[in-house]
Amino acid sequence: MSMTASPAAGRSFPMCARSHKSSNVARRARMGVRSNLLSFAPILIDLQRDCATPLPLLRHVADSMTADMRAGLVVDGGSDLKMILTYVDNLPTGNEKGIFYALDLGGTNFRVLRVQLGGKEERVVATEFDQVSIPQEFMFGTSEALFDFIASGLAKFVQKEGGKFHLPNGRTREIGFTFSFPVKQTSIDSGILIKWTKGFAVSGTAGKDVVSCLNEAMQRQGTDMRVSALVNDTVGTLAGARYWDDDVMVAVILGTGTNACYIERVDSIPKLQGQKSTSGRTIVNTEWGAFSNGLPLSKFDRQMDADSINPGEQIFEKTISGMYLGEIVRRVLVNMAEAADLFGEHASTKLSMPFILGTPHISAMQQDSSKHLEAVGSILYDVVGVDSNVNARKIVWEVCDTIAKRGGRLAGAGIVGILQKMEEDSKGTIYGKRTVVAMDGGLYEHYPHYRKYLQDAVNELLGSEVSKNIVIEHSKDGSGIGAALLAATNSKYEH
Ligand code: ADP
Ligand code: MG
């Protein structure tokens, strides 16, 4: 793999000063106007060198992921990876029947879902869902106020139950609760909130069992419901995908943040200490966003990390997930604009605003394959307020490609780290047979280049013989149904 500024397929890179335009640039440079092409090339070359992911580096990352997983399974705090026990020991089988609910709280919206399950033959008979945005006041209020708001939304949704949905007489409705904040899980249906994140600052929840908070609020609302499974979104995705396909062993979220979980053998978890699982297996939530070993980082990554609300933490997440890719690109462009007039001499105040350039923008720019990169030009103009010539746009395209390529390839190496850990522990579990990795999240779903780079890395690391059996598959919104399925699997009623 080239470690220098290499032309992308079918795209000529304007670095050698031969064309008519380039000689104008050289003339302008001689005339005392700072040359752009000549002066921002070194910034791009340095970036591509610092962010390069040649195969030996990917192999090191995959091996370190495997080693960190093992260390985290021995003892809490044993490595960057928390390797959280989820208490999900039984996965959906397809035999589940009845009506189940799911509640997803993980950001500025909460989603509620009901599903009527019809067993092996009928599977998912019907689903309905609703989404409610959480007003700011509840994100900064008391725990009771937030959970009352959620419980009342849930109660309204339950009132609309009808049609194909039937609750047998005398039964309490059961919910799978997807809660995507850091929780110390204590059983399948309880977990202590460690801290709020993602802009929530609710008083009185940290240190409490979030399931009790919700159950109490439902009682206050007079709703007869019970939380029978508390899960995080990766676990919901794994359960949802597994319902349709027995070969699913791993689930990965690549959205605003990133995380992965997988099915582990209980006898491979020293820190479990005597806790039993009837199936001999359990899902482990890796919290792999905290991984940091051997990652190729540039000065732009280090600056972004230093300026973040959690410096030194979540380095893998900051290198591969949707919240950050656009911001890294923006930081590179600021440097190119300041040091080398990438967008001419007019400074843009918008370009200097952190997070103004989102990952959806860099994904859209990368998908522009037109000769003059008009879409790149209009995004740069609309989003960060700069004019650009075609050469500048090509440079921007290369920067987006460099950051997406590194992210996708490292995510692929992380997946291989998990697969090889499972294979090492028990030969034949993964290699030589079909194995599915269920993927979800807006970044994976909407960024085709990133997806391809991820797949390339998996193929390169595993070789064609093994990788042809590894299916990396998008499981759209599987996590909601997955949570409802886990409510069914852990139902207090016979099923
Ligand atoms: P969350 O991770 O917050 O639960 P999603 O899974 O929907 O939500 O992912 C949203 C994230 O996906 C956004 O923050 C963004 O980084 C990324 N994303 C959304 N749309 C695109 C796109 N078109 N191209 C690339 N990334 C995208
Ligand atoms: Mg999500």
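Scoring rules and cut-offs
For every chain, the first residue of its written sequence is number 1, and the numbers climb from 1 along that sequence. Chain letters and ligand numbers both follow the written order, the letters beginning at A and the numbers at 1. Selection of residues for local features in this predicted model requires a pLDDT of at least 70, selection of side-chain atom pairs for listing and counting requires 80 or more, and totals for whole chains, interfaces and linings are taken over all residues. Side-chain descriptors were evaluated using all non-hydrogen atoms of the structure, hydrogens and water having been removed beforehand. Secondary structure elements follow DSSP: runs of H or I of four or more residues count as helices, runs of E of two or more count as strands, with numbering from the N terminus. Radius of gyration means the value over C-alpha atoms here, while the globule rule gives 2.2 Å times the residue count to the 0.38 power. Each residue gets one of three labels from its accessible area relative to the maximum for its type: buried under 20%, exposed over 50%, partly exposed in between, using a 1.4 Å probe on protein chains only. Note on definitions. A residue lies near a molecule or strand when any single heavy atom of the residue is within 4 Å of it. Any pair of N or O atoms that falls within 3.5 Å is considered a polar contact. Within protein, one atom must be able to donate a hydrogen and the other to accept it, and sequence-neighbouring residues count only if both atoms are side-chain atoms. Using a 1.4 Å probe, the Shrake-Rupley method yields the accessible areas, and only the shown protein chains count as cover for residues. Under the grouping applied here, Gly and all other residues not named as nonpolar or charged are polar, the nonpolar ones being Ala, Val, Leu, Ile, Met, Phe, Trp, Tyr, Cys and Pro and the charged ones Asp, Glu, Lys and Arg. Think of a 1 Å grid over the protein atoms and nothing else: a 1.4 Å probe that fits but is trapped marks a cavity, an open set flanked by protein within 12 Å on at least five of seven lines marks a pocket, and residues with an atom within 4 Å of a point count as lining. Grid points are joined across faces, edges and corners, and a volume is the space filled by probe spheres set on the points. Following DSSP output, two strands are said to pair if at least two bridges run between them. Only the stretch in contact is used when a helix axis is fitted, and all axes are lines through C-alpha atoms; the angle between N-to-C directions ranges over 0 to 180 degrees. Contact criterion: two residues are considered in contact whenever any of their non-hydrogen atoms come within 4.5 Å of each other. Angles are sorted into four bins: roughly parallel if under 35 degrees, roughly antiparallel if over 145, roughly perpendicular if 65 to 115, and oblique for all others. Remark: nonpolar core denotes a set of buried residues (Ala, Val, Leu, Ile, Met, Phe, Trp, Tyr, Cys) joined through side-chain atoms within 4.5 Å. All the domain ranges listed were derived from an automatic or database domain assignment. Each aromatic pair joins two rings of Phe, Tyr and Trp (for Trp, the six-membered one) with centres within 6.5 Å, and gets the label stacked for planes under 30 degrees apart, edge-to-face for over 60, and tilted for any other angle. The rule is short: NZ of Lys or CZ of Arg within 6 Å of the ring centre and within 35 degrees of the ring normal puts a charge over the ring.

Draft legend 1. Layout of the overall build of the chain. The number of helices and strands found in the chain is 17 helices and 13 strands. For the chain, the C-alpha radius of gyration of 25 Å lies close to 23 Å, the compact-globule estimate for 495 residues. Based on the C-alpha atoms only, the size of the chain along its principal axes is roughly 85 × 50 × 40 Å. The buried share of the chain, taken over its 495 residues, is 56%.

Draft legend 2. Region of interest: the site of ligand 1. All residues adjacent to ligand 1 are Gly 255, Thr 256, Gly 322, Met 323, Thr 359, Pro 360, Ser 363, Gly 441, Gly 442, Leu 443, His 446 and Tyr 447. Interatomic distance of 3.1 Å between a backbone N/O atom of Gly 322 and an oxygen atom of ligand 1. Surface burial for ligand 1 is 60%, taken as the share of its 570 Å² of free accessible area covered by protein chains. If you list the elements that add at least two residues to the shell around ligand 1, you get α11 (322-340), α12 (359-366) and α15 (442-446). The class makeup of the residues in the shell around ligand 1 is four nonpolar, eight polar and no charged.

Draft legend 3. Inspection of empty space enclosed by the protein at higher detail. Applying the stated criterion across every chain yields a total of one cavity of 30 Å³ or more. Estimated volume of the largest cavity: approximately 50 Å³. Gly 98, Ile 99, Phe 100, Leu 167, Pro 168, Arg 171, Thr 172, Arg 173, Glu 174 and Tyr 493 are the residues that line the largest cavity. At the level of elements, β2 (97-105) and β5 (173-179) are the ones that each hand at least two residues to the lining of the largest cavity. The class makeup of the residues in the lining of the largest cavity is five nonpolar, two polar and three charged.

Draft legend 4. Structural detail: unusual backbone geometry. Not every positive phi belongs to a glycine, and Met 83 is a case in point at roughly 50°. Mapped onto the elements of the fold, Met 83 is located in the loop between α3 (55-74) and β1 (84-85).

Draft legend 5. Looking closely at the sheet that holds strand β4 (residues 124-133). One open sheet holds the five strands; their spatial order is β4-β3-β2-β5-β8, and the pairing between them is mixed. At either end of the open sheet lies a strand with only one pairing partner, and these are β4 and β8 (225-231). For this sheet, the mean inter-axis angle between neighbouring strands, taken without regard to orientation, is 20°. Where β2 and β5 come together, five bridges link them in parallel fashion. Directly across from Ala 102, in β5, lies its bridge partner Gly 176. This element, helix α6 (residues 143-159), spans β2, β3 (109-118), β4, β5 and β8 of the sheet and lies at about 40° to β3. With respect to the sheet, helix α17 (residues 478-489) is in contact with β2, β3, β4, β5 and β8, its orientation differing from that of β2 by roughly 125°.

Draft legend 6. Quick peek at the packing of α3 against helix α16 (residues 448-467). Packing of α3 against α16 brings their axes to within 10 Å, and their N-to-C directions diverge by 85°. By the angle between their directions, the pair α3 and α16 is classed as roughly perpendicular. Packed against α3, whose contacting residues are Leu 55, Leu 58 and Arg 59, the element α16 presents Ala 457, Glu 460 and Leu 461 at the interface. Of the residues assigned to the contact of α3 with α16, the class counts are four nonpolar, no polar and two charged.

Draft legend 7. View of the nonpolar core. Among the nonpolar cores identified, the biggest contains 114 residues, and Leu 254, Leu 333, Met 336 and Leu 454 are the most heavily contacted of them. A total of 16 residues in this core trace back to one element, the largest contributor, which is helix α14 (residues 390-425). There are two domains that each give this core at least three residues, and those are domain 1 (54-85 + 245-477) and domain 2 (87-231). Those residues in contact with Leu 254, other than ones at most four positions away along the chain, are Ile 320, Ala 411, Met 439, Asp 440, Gly 441, Gly 442, Leu 443, Tyr 444, Tyr 450 and Leu 454.

Draft legend 8. Structural context of the packing of aromatic side chains. Here the structure, examined in full by the defined rule, presents 14 aromatic pairs. Between Phe 181 and Trp 196 the ring centres are 5.0 Å apart and the planes differ by 75°, which places this aromatic pair in the edge-to-face class. Of the two residues, Phe 181 is situated in the loop between β5 and β6 (183-187) and Trp 196 in the loop between β7 (190-193) and α7 (210-220); the sequence distance between them amounts to 15 residues. Accessibility expressed as a relative area gives 6% for Phe 181, which makes it buried. When its relative accessible area of 10% is taken as the criterion, Trp 196 is described as buried. Sitting over the face of the ring of Phe 157, Arg 114 holds its NZ or CZ atom 4.1 Å from the ring centroid.

Keep in mind these values describe shape, not function.
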